Amino acid sequence: MTALGFYKPGNTEQPPEFEAVELDKPEPTGHDLLVEIKAVSVNPTDYKTRDSKKPDDDSLTIVGRDVAGVVVSVGSECSLFKEGDEVFYAGTHVRAGGHSEFHLVDERIVGSKPKKLDFAHAAALPLTGLTAMEALFVRLGISKNPRDNEGKNILIIGAAGGVGSIATQIAKLAGLTVIGTASRQETVDWAKDHGAHHTINHHQELLPQLKELDIEGVDYIFCLTNTDDHMAGMAEAIRPQGKICSILPAFKPLARALFGKSVTFVYELMYTRSMFQTEDMIEQHHLLNELSEWADNGKIQSTLNETLAPINPENLTEAYGKLMSGKTIGKIVLEGPVEK
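Note that the coordinates shown come from a computational prediction; the quantities given were computed from them, not determined experimentally.

Caption draft 1: Examining the overall build of the protein chain more closely. Assigned secondary structure in the protein chain consists of eleven helices and 15 strands. Structurally, the protein chain occupies a C-alpha span of about 60 × 40 × 35 Å along its principal axes. For the protein chain, with 340 residues in total, the buried portion stands at 56%. Nonlocal contacts in the protein chain, meaning residues at least 24 apart in sequence, comprise 70% of its contacts between residues at least 6 apart. Carbon together with sulfur atoms contributes 48% to the accessible area of the protein chain, which is approximately 14700 Å² in total. Measuring between centres, the 33 positive side-chain charges of the protein chain sit 5 Å from its 48 negative side-chain charges.

Okay, here's the thing in structure tokens:
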């Protein structure tokens, strides 16, 4: 099979230096599925994997977390899927990624692809969808029942990005009033089109802008950009006994004001379950199936914003270059076939 990867980290200011490599097609064992790749989405975690490589590490690295494809064979312990099933998933960062013709993945972190979405639109959803669902419903403990959330609100910092685009939709679906941050007219429009009731600018102080909307504070904050940059603003905006979730680490101490307000501060990393093989790892299978149902029922829309084809080194370089600019809206997807 053809796989697209890189050996050296290279210049981390530039996209990874992808090249086509011929490898043996793997055979699934245990809980693994062998999936034929139809579409992949790019994510910051992929180039950050490159950035973490040591200069003397010349091993082949294949990234690519978001995948939509077709099961071609299954391991002996598989019970959730069979040959011919259409699937989508976000994979894990402790195994080779999906930038290849075929890919091995544990079925317990795989979902059934939405029937009403093509592979490209489906590939845009898994990683960001799982991140949003785990953050909102597991880490922040928000109820999925809109009746439980009447009168409650959430501030999503970075609402027009990959995770933000789906988090705004899911939070609105859960009955929350959604305030998203966006700094350009195109990102403001995108955030509102994807569920935000209001938008404010994350380059300005948060609480004064909220007060202009007659919002004195927020019950929940979901931070999707540099945590340290927004720490003081979040501490001001969060209500007493509110909850904050971040998908990026804080390198500086948490704001002292969070202590006085008894604020809960939690992290969300979508890879935790697969990395540590937690007992509840199969929850990602269930969450993806729920996400798939929402898509088929029209409750959420794919966050795909740009498609490139085929999946080859040149298009991967272009996609990651755009992603590294920090100005992308929604998701960039590459459609197959996988070519040299």
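Moving on from the model shown.
Caption draft 2: Representation of the UniProt feature "domain: Enoyl reductase (ER)" (unreviewed entry) in the protein chain within the structure. Per the UniProt annotation, the sites labelled "domain: Enoyl reductase (ER)" (unreviewed entry) are residues 11-334. Taken end to end, residues 11-334 comprises 31% helix and 23% strand; its first and last C-alpha atoms sit 23 Å apart.

Caption draft 3: Quick look at the sheet that holds strand E11 (residues 218-223). Read across the sheet, six strands follow the order E10-E9-E8-E11-E12-E13 without closing on themselves; strand pairing throughout is parallel. Only two strands of the sheet have a single neighbouring strand rather than two, namely strand E10 (198-200) and strand E13 (264-267). When the angles between neighbouring strand axes are averaged without regard to direction, this sheet yields 20°. Relative to E10, strand E9 (residues 177-181) is paired through three bridges, and the arrangement is parallel. Looking at E10, one finds that Gly-180 is bridged to Thr-199.

Caption draft 4: Region of interest: the nonpolar core. Core analysis: the largest hydrophobic core is formed by 78 residues, its most contacted members being Tyr-89, Leu-136, Ile-154, Ile-156, Ile-170, Phe-222 and Leu-291. In terms of residue count, the dominant contributor to this core is helix H3 (residues 126-139) (seven residues). Setting aside its immediate chain neighbours within four residues, Ile-156 contacts Gly-164, Ala-167, Thr-168, Ala-171, Val-178, Ile-179, Gly-180, Thr-181, Phe-222 and Leu-224. Counting 22 residues, the second largest nonpolar core, distinct from the first, contains Leu-207, Leu-210, Val-218 and Met-231.

Caption draft 5: Structural view of the packing of aromatic side chains. As enumerated under the stated definition, the model contains three aromatic pairs in all. Where Phe-6 meets Phe-18, the ring centres are 5.7 Å apart and the plane angle is 75°; that geometry is what we call edge-to-face. On the criterion of sequence distance, the pair formed by Phe-6 in the loop between strand E1 (2-5) and strand E2 (19-22) and Phe-18 in the loop between E1 and E2 is long-range, its members being twelve residues apart. Residue Phe-6 shares its accessibility class with Phe-18, and that shared class is buried. When the centroid spacing of 5.4 Å and the interplanar angle of 85° are considered together, the rings of Phe-265 and Tyr-267 count as edge-to-face. The exposure class of Phe-265 is buried, given its relative accessible area of 18%. These aromatic residues form a ring-pair network of at least three members: Phe-6, Phe-18 and Tyr-320.

Caption draft 6: Structural view of a nonpolar patch on the surface. Nonpolar side chains collect at one region of the surface, where Val-94, Leu-269, Met-275 and Phe-276 lie side by side and expose about 370 Å² of accessible area between them. Of note, Leu-269 is situated in the loop between E13 and helix H9 (272-275). For Leu-269, a relative accessible area of 40% gives the class partly exposed.

Caption draft 7: View of the layout of surface pockets. Looking at the largest pocket, its volume works out to about 1400 Å³. In this structure, the largest pocket is lined by 48 residues; those nearest its centre are Pro-44, Lys-48, Leu-224, Ile-247 and Leu-248. Sorting the residues of the lining of the largest pocket by element identifies helix H1 (44-51), H3, helix H4 (162-173), helix H7 (227-237), helix H11 (313-324) and strand E15 (331-335) as the ones contributing at least two each. It is H1 that provides the largest number of residues to the lining of the largest pocket, a total of five residues.

Caption draft 8: Quick look at unusual backbone geometry. Of the consecutive residues Ala-309 and Pro-310, the connecting peptide bond is found in the cis state with omega at -5°. Each neighbour pair has its own omega, and for Gly-336 with Pro-337 the value is 10°, a cis peptide bond. Structurally, Pro-337 is set in the segment after E15. With a phi close to 65°, Asp-214 is a non-glycine residue in the positive phi region. Mapped onto the fold, Asp-214 is located in the loop between helix H6 (206-212) and E11. A relative accessible area of 71% means that Asp-214 is categorised as exposed. In the Ramachandran plot, Gln-241 falls in the positive-phi region, its phi being about 65° despite a non-glycine side chain. Tracing the backbone through its elements, the reader meets Gln-241 in strand E12 (residues 238-246).

Quick notes on the rules
- Residues numbered from 1 in each chain as written.
- Predicted model: local features only at pLDDT ≥ 70, side-chain atom pairs only at ≥ 80, totals over all residues.
- Heavy atoms only, no water.
- Helix = DSSP H or I, 4+ residues; strand = E, 2+ residues; numbered from the N terminus.
- Buried < 20%, exposed > 50% of the residue type's maximum accessible area, 1.4 Å probe, protein only.
- Contact = heavy atoms within 4.5 Å.
- Areas by Shrake-Rupley, 256 points an atom, 1.4 Å probe, with all protein chains shown as cover.
- Lys, Arg positive; Asp, Glu negative; His and termini not counted.
- Charge placed at Lys NZ, Arg CZ, Asp CG, Glu CD.
- UniProt positions renumbered as here; feature names shortened; annotations may be inferred.
- Pairing = 2+ DSSP bridges.
- Axes fitted to C-alpha atoms, helices over the stretch in contact; angles between N-to-C directions.
- Core = buried A, V, L, I, M, F, W, Y, C linked by side-chain atoms within 4.5 Å.
- Phe/Tyr/Trp six-rings, centres within 6.5 Å; stacked < 30°, edge-to-face > 60°.
- Patch = residues over 30% accessible without salt bridge, like charges linked within 9 Å, V, L, I, M, F, W, Y side chains within 5 Å.
- Salt bridge = Lys/Arg side-chain N within 4 Å of Asp/Glu carboxyl O.
- 1 Å grid on protein atoms, 1.4 Å probe; cavity = no way out; pocket = protein on both sides within 12 Å on 5 of 7 lines; lining within 4 Å.
- Points joined across faces, edges and corners; volume = space filled by probe spheres on them.

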